[in-house]
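Fold and contact review
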Amino acid sequence: MDYSQYRDLKIRHIEPGILEIVMGEEGKLAVATERAHAEMARIWLDVDRDPETRVAIIRGAGKGFSAGGDMAMVEEMTRNPEVRARVWREARDLVYNMINCSKIIVSAIHGPAVGAGLAAALMADISIAAKNARLIDGHTRLGVAAGDHAAIIWPLLCGMAKAKYYLLTCDTISGEEAERIGLVSMACEEKDLEQKALEVARKIAAGAQTAIRWTKYSLNNWLRMAGPAFDASLALEMLGFTGPEVKEGLASLREKRNPSFPEAPPDF
């Protein structure tokens, strides 16, 4: 499989059967630019078709796993319906392409994990977080519905009560707490993170591939059944980008202050 067309994602086979996907650059946080967002949606189709890959590890370079969406792209989404439509399609494809990818995906999460990167981290088949990682779904803080992955998988992972609490408040979840509530598969010390992800990948790569892939396919039917909830949440997120709340959310983030959202209409 030729991965040379990818620019924002750094992709290489680190061992026979094991593919590494790295977001961002050393010393920086990975930002979901227009190109990076498109690559994150598309990569899983190539991983699925890659005969040399049994397991894919996704991780962030440098200071953390991911920093969320590029502000310029987010602002353009509030103005341009074509951009909203494109991002909607890519966000949908990222989730469904990960669900339908026959190969096993392992995420290694350190530092902050936000935005599309967080979606990839938690949609992975096995998620491993550094104990001091910081998982944040900031959609409602921005002023839009939590739509890019949360509705389809958070209630299954950590239960509805915890999912509602963290998605409605945007509170930070440490990797250690994420393991405790079941949001990630396991947590470890940050210094051991890459080695632990590689150990898990090696174990899976050495296993019976048909049995492993059919087990993933079967278990992911729980996610397929939740597809309508995800589709609705993503549509409502995109609708939110046309309203006044996201404008205040963006302004408050730029100005580094608490938002002052307008009152909702009385019929909400």
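Below you will find a few notes about this structure. Owing to the predicted nature of the structure, the values given are computational and were not obtained by experimental measurement. Going along each chain's sequence as written, the residues are numbered from 1 onward. In view of the model being predicted, local features appear only for residues whose pLDDT reaches at least 70, and side-chain atom pairs are presented and counted only at 80 or more, with totals across whole chains, interfaces and linings using the full set of residues. Excluding hydrogens and water, the side-chain figures rest on all heavy atoms present in the structure.

1. Structural notes on the environment of I21
Put simply, the test is: Note on conventions: DSSP H or I runs of at least 4 residues are helices, E runs of at least 2 residues are strands, and numbering of each starts at the N terminus. Any residue under 20% of the maximum accessible area for its type is buried, any over 50% is exposed, and the rest in between are partly exposed; the area is computed with a 1.4 Å probe on protein chains only. Contact between two residues is taken to exist if any of their heavy atoms lie within 4.5 Å; hydrogens are not considered.
Of note, I21 is situated in strand β2 (residues 17–23). Overall, I21 belongs to the buried group, its relative accessible area being 0%. The spatial distance from the C-alpha of I21 to the C-alpha of A56 is 7.1 Å, given a sequence separation of 35 residues. Every residue in contact with I21, bar those within four places of it in the chain, is listed here: L9, K10, I11, I43, W44, V47, A56, I57, I58 and R59.

2. Structural notes on the packing of aromatic side chains
The way to describe two aromatic rings as a pair is by their centre distance and the angle between their planes. What counts is decided by this rule: Centres within 6.5 Å make a pair out of two Phe, Tyr or Trp rings, where for Trp the six-membered ring is used; the pair is then stacked when the planes are under 30 degrees apart, edge-to-face when over 60, and tilted otherwise. Only Lys NZ and Arg CZ are tested; either one counts as a charge over a ring when it is within 6 Å of the ring centre and within 35 degrees of the ring normal.
All told, the structure shown has 3 aromatic pairs when counted by the stated rule. Taken together, a centroid distance of 6.3 Å and an interplanar angle of 45° make the contact between Y3 and Y6 tilted. Centre to centre, the rings of Y165 and Y166 are 5.1 Å apart; their planes meet at 85°, and the pair counts as edge-to-face. When its relative accessible area of 9% is taken as the criterion, Y166 is described as buried. Geometry around W88 places R92 over its ring, the cationic atom sitting 4.8 Å from the centre.

3. A few points about helix α7 (residues 160–169)
This is how it is decided: Our arc is simply the arc of the directions from the helix axis toward the C-beta atoms.
All buried positions along α7 are accounted for by A163, Y166 and L167. All buried residues of α7 lie within an arc of 95° about the axis, which places them on one face of the element. Along α7, the residues that are exposed and aim more than 90 degrees away from the buried face are A161 and L168. For α7, the elements touching its buried residues are α5 (139–142), α6 (150–158), β8 (173–174) and α8 (175–181). Within two residues after α7, C170 carries a phi angle of roughly 60°, on the positive side.

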